[in-house]
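Structural features, examined
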Amino acid sequence: MLVLVINSGSSSLKYQLRDVAAGEVLAEGMVDRIGFPEEGGELEVPDHEAALDLVDAALHEALAGRRIDAVGHRVVHGGERFGDPVLIDNEITRSIERLNPLAPLHNPANVLGIRAIADKWPDVPQVAVFDTAYHRTIPERAWRYAVPDWLYTRHGIRRYGFHGTSHQYVAGRAAALLGIDPAAFDGVVLHLGNGASATAVQGGRSIDTSMGFTPLEGLVMGTRSGDVDPSILVFLGRLGMTPDEIDDLLNRESGLKALGGSNDMRTLVESAERGDAKARRALDVASYRLAKYVGAYHVAVGGARAIVFTAGIGENSSVFRGLVAERLGALGVVLDAAANAARSSEPRAVSAAESAIPVLVVPTDEERAIAEATAAVVTAAVGGQMPR
Ligand code: ADP
């Protein structure tokens with residue numbers, strides 16, 4: 001089955017064409033600057049329909065006369081309704097739209113992508129895979145904030161969690177690497193990219209995660225602060241900062257960028273090795289925060305069988321993994337220095353044989369997970385038969 005995976009943003013459209021059975025990527029790319037005027041004021045890519053025409057043209061060669069069997073969308077917010085990938089129809093599209101207030105930047109853009117494809121290829125089934133879905137199993141004690149009930153009942157203010165597709169995929173691969181049934185896997189998964197989140201996995205399900213109502217809560221990220229005392233926001237408001245200014249400050253001007261002068265882990269590690277005090281401080285604050293979450297989630301899952309690193313930093317930065325692991329000595333965690341330093345794109349253990357908890361590196365692949373989920377939903381919808 002050929003599945004086109006779409007990640008539709010407000011001004012960009014990322015795509016990947018996959019042959020699901022063969023596990024192959026046939027084509028991938030991104031159309032950028034949708035709705036942005038070029039020099040002379042011309043709109044090169046006026047809207048998502050135009051972006052899709054460019055994708056269509058780019059796929060021509062890879063398709064070699066074959067047709068796309070299904071489209072899988074990465075949809076950021078599934079609210080409380082969506083725990084599983086769903087076949088999209090008009091009602092589902094409207095439900096995704098109704099969640100716009102919870103993800104005002106992302107869900108409207110996802111819907112633009114869905115509608116553009118429905119117009120262009122009305123016969124191709126579309127599936128929505130939600131970034132929040134894996135976390136729908138989080139129990140109330142972990143999703144509820146200790147604030148008056150109307151915040152939840154009137155505004156949906158609760159923990160949702162994000163990066164779910166990645167956490168679920170990585171937890172499954174980690175279980176396989178350890179020879180554990182995925183439905184019996186207890187562990188802590190650390191997705192460390194520009195955005196970063198930790199998830200407590202018990203019995204293969206998410207039972208807690210560090211991102212909350214929005215992706216701002218939790219770990220120190222590239223440009224996001226993660227946890228802060230909420231009174232800081234009130235204090236800034238009283239200084240006269242507007243909600244948008246505070247939003248920008250905490251989401252785009254904070255995190256590693258604020259602490260160390262760069263949101264790029266490679267730059268920070270190089271600067272720290274040259275003795276740069278700000279870069280060292282950034283690594284120190286971020287690795288300390290992360291180790292605290294690992295300790296908390298080790299308790300939450302009743303004893304982790306593995307600590308799993310993934311995404312840009314988790315997969316590639318042996319230095320950052322080392323800093324976190326050093327702080328986990330109290331849990332009996334010991335890295336194997338050579339295994340941790342070795343570069344590989346395969347799932348692997350980086351801990352020493354005597355480590356009380358195995359430490360794994362498992363590359364994430366959200367597009368693959370979305371393509372496989374899409375194929376499964378479409379196959380089930382046509383009564384167990386693969387279309388075409
Ligand atoms: P996104 O959330 O945008 O998908 P990624 O998962 O690509 O982000 O992660 C981006 C982060 O990964 C950046 O901080 C970058 O510095 C870091 N990173 C990427 N490659 C390496 C590397 N070889 N060594 C250390 N850090 C890396």
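Residues numbered from 1 in each chain as written. Predicted model: local features only at pLDDT ≥ 70, side-chain atom pairs only at ≥ 80, totals over all residues. Heavy atoms only, no water.

**Quick notes on the overall build of the protein**
Quick reminder of the rule: Helical segments are the DSSP runs of H or I of at least four residues, strand segments are the runs of E of at least two, and each set is numbered from the N terminus. Using a 1.4 Å probe on the protein chains alone, a residue whose accessible area is under 20% of its type maximum counts as buried, one over 50% counts as exposed, and one in between counts as partly exposed. In this description, contact between two residues means that some pair of their heavy atoms is separated by no more than 4.5 Å. Computed with the Shrake-Rupley method and a 1.4 Å probe, the accessible areas treat only the protein chains shown as cover for residues. Charged-residue counts in this description rest on Lys and Arg as positive and Asp and Glu as negative, His and the chain ends being excluded. Here the site of a charge means atom NZ of a Lys, CZ of an Arg, CG of an Asp or CD of a Glu.
If you tally the helices and strands in the protein, you get 15 helices and twelve strands. Counting only C-alpha atoms and orienting by the principal axes, one finds that the protein spans roughly 55 × 55 × 45 Å. Residue burial in the protein is summarised as follows: out of 388 residues, 49% are buried. Long-range contacts, defined here as pairs at least 24 residues apart, represent 64% of the contacts in the protein between residues at least 6 apart. In the form shown here, the protein has an accessible surface area of approximately 18200 Å², with 52% of it arising from carbon and sulfur atoms. Where the 37 positive side-chain charges of the protein centre and where its 49 negative ones centre are 5 Å apart.

**Focus on the pairing of strand β2 (residues 13–19)**
Under the convention used in this document: At least two bridges found by DSSP between two strands is the condition for calling them paired.
The buried count for β2 comes to six of seven residues, which makes it a mostly enclosed element. Bridge count between strand β1 (residues 2–8) and β2: seven bridges; the pairing is antiparallel. Residue pairing in the sheet places V5 in a bridge with Q16 of β2. Note that β2 and strand β3 (residues 24–31) share seven bridges and pair antiparallel.

**Comments concerning the pairing of β1**
Most of β1 sits out of view: six of its seven residues are buried. The hairpin formed by β1 and β2 contains four residues between the paired strands. Bridge analysis of β1 against strand β4 (residues 70–75) gives four bridges, and the strand direction is parallel. Its bridge partner being in β4, V3 is matched across the sheet by A70.

**A closer look at the sheet that holds strand β6 (residues 126–130)**
Strand pairing in a sheet takes place through backbone hydrogen bonds and is either antiparallel or parallel in direction. Selection rule: Fitted lines through C-alpha atoms give the axes, limited to the stretch in contact for helices. The angle between two N-to-C directions lies from 0 to 180 degrees.
Read from one edge of the open sheet, six strands run β3-β2-β1-β4-β6-β5, paired in mixed fashion. Lying at the two open borders of the sheet, with one neighbouring strand each, are β3 and β5 (86–87). One ladder, built from two bridges, connects β5 with β6; its direction is antiparallel. Within β6, the position partnered with L87 by the bridge is V127. Docked against the sheet, helix α1 (residues 48–63) engages β1, β2 and β3, running at close to 30° with respect to β2.

**A look at the domain arrangement of the protein**
Which entries qualify depends on this criterion: Domain delimitation follows an automatic or database domain assignment.
Split into domains, the protein comes out as domain 1 (2–130) and domain 2 (180–357). Just the C-alpha atoms count here: the centres of domain 1 and domain 2 sit 30 Å apart.

**A short note on the pattern of salt bridges**
Note the threshold: Salt bridge criterion: a side-chain nitrogen from Lys or Arg within 4 Å of a carboxyl oxygen from Asp or Glu.
Here the structure, examined in full by the defined rule, presents 18 salt bridges. Residues participating in the shared-partner salt-bridge network are D53, D56 and K120.

**Topic: the packing of helix α2 (residues 90–98) against helix α3 (residues 107–120)**
Rule in force here: Orientation categories follow fixed angle ranges, with anything under 35 degrees roughly parallel, anything over 145 roughly antiparallel, 65 to 115 roughly perpendicular, and all other angles oblique. In this scheme the crossing of two helices becomes right-handed for a clockwise turn of the near helix relative to the far one and left-handed for an anticlockwise turn of less than a right angle. Each residue is assigned to one of three groups, with Ala, Val, Leu, Ile, Met, Phe, Trp, Tyr, Cys and Pro labelled nonpolar, Asp, Glu, Lys and Arg labelled charged, and all others, Gly among them, labelled polar.
The geometry of α2 relative to α3 is characterised by a closest axis approach of 9 Å and an angle of 160° between their N-to-C directions. Comparing their axes, α3 and α2 come out roughly antiparallel. The handedness of the crossing between α2 and α3 is left-handed. Judged by residue contacts, T93, I96 and E97 of α2 engage N107, V111, I114 and R115 from α3. Its residues placed into classes, the contact of α2 with α3 shows three nonpolar, two polar and two charged.

**Remarks on the environment of L54**
With respect to the helices and strands, L54 occurs in helix α1. By relative accessible area, which is 45% here, L54 ends up partly exposed. Residues L54 and G23 lie 31 residues apart in sequence; the distance between their C-alpha atoms is 25 Å.

**Let's talk about the nonpolar core**
What counts here: Among the buried residues, those of types Ala, Val, Leu, Ile, Met, Phe, Trp, Tyr and Cys that are joined through side-chain atoms within 4.5 Å form a nonpolar core.
L190, L192, L290, I307, F309 and F320 are the most contacted members of the largest nonpolar core, which has 41 residues in total. Mapped by element, the contributors of at least two residues to this core are β7 (187–192), β8 (196–202), α10 (265–273), α11 (277–300), β10 (307–310), α13 (318–327) and β12 (359–361). When residues in this core are grouped by element, the largest group, nine residues, is from α11. The residues touching L290, leaving out its near neighbours within four places in the chain, are L190, L192, L219, F309, F320 and V324. Ranked by size, the runner-up nonpolar core spans 22 residues in total, among them V45, L59, L63 and I117.

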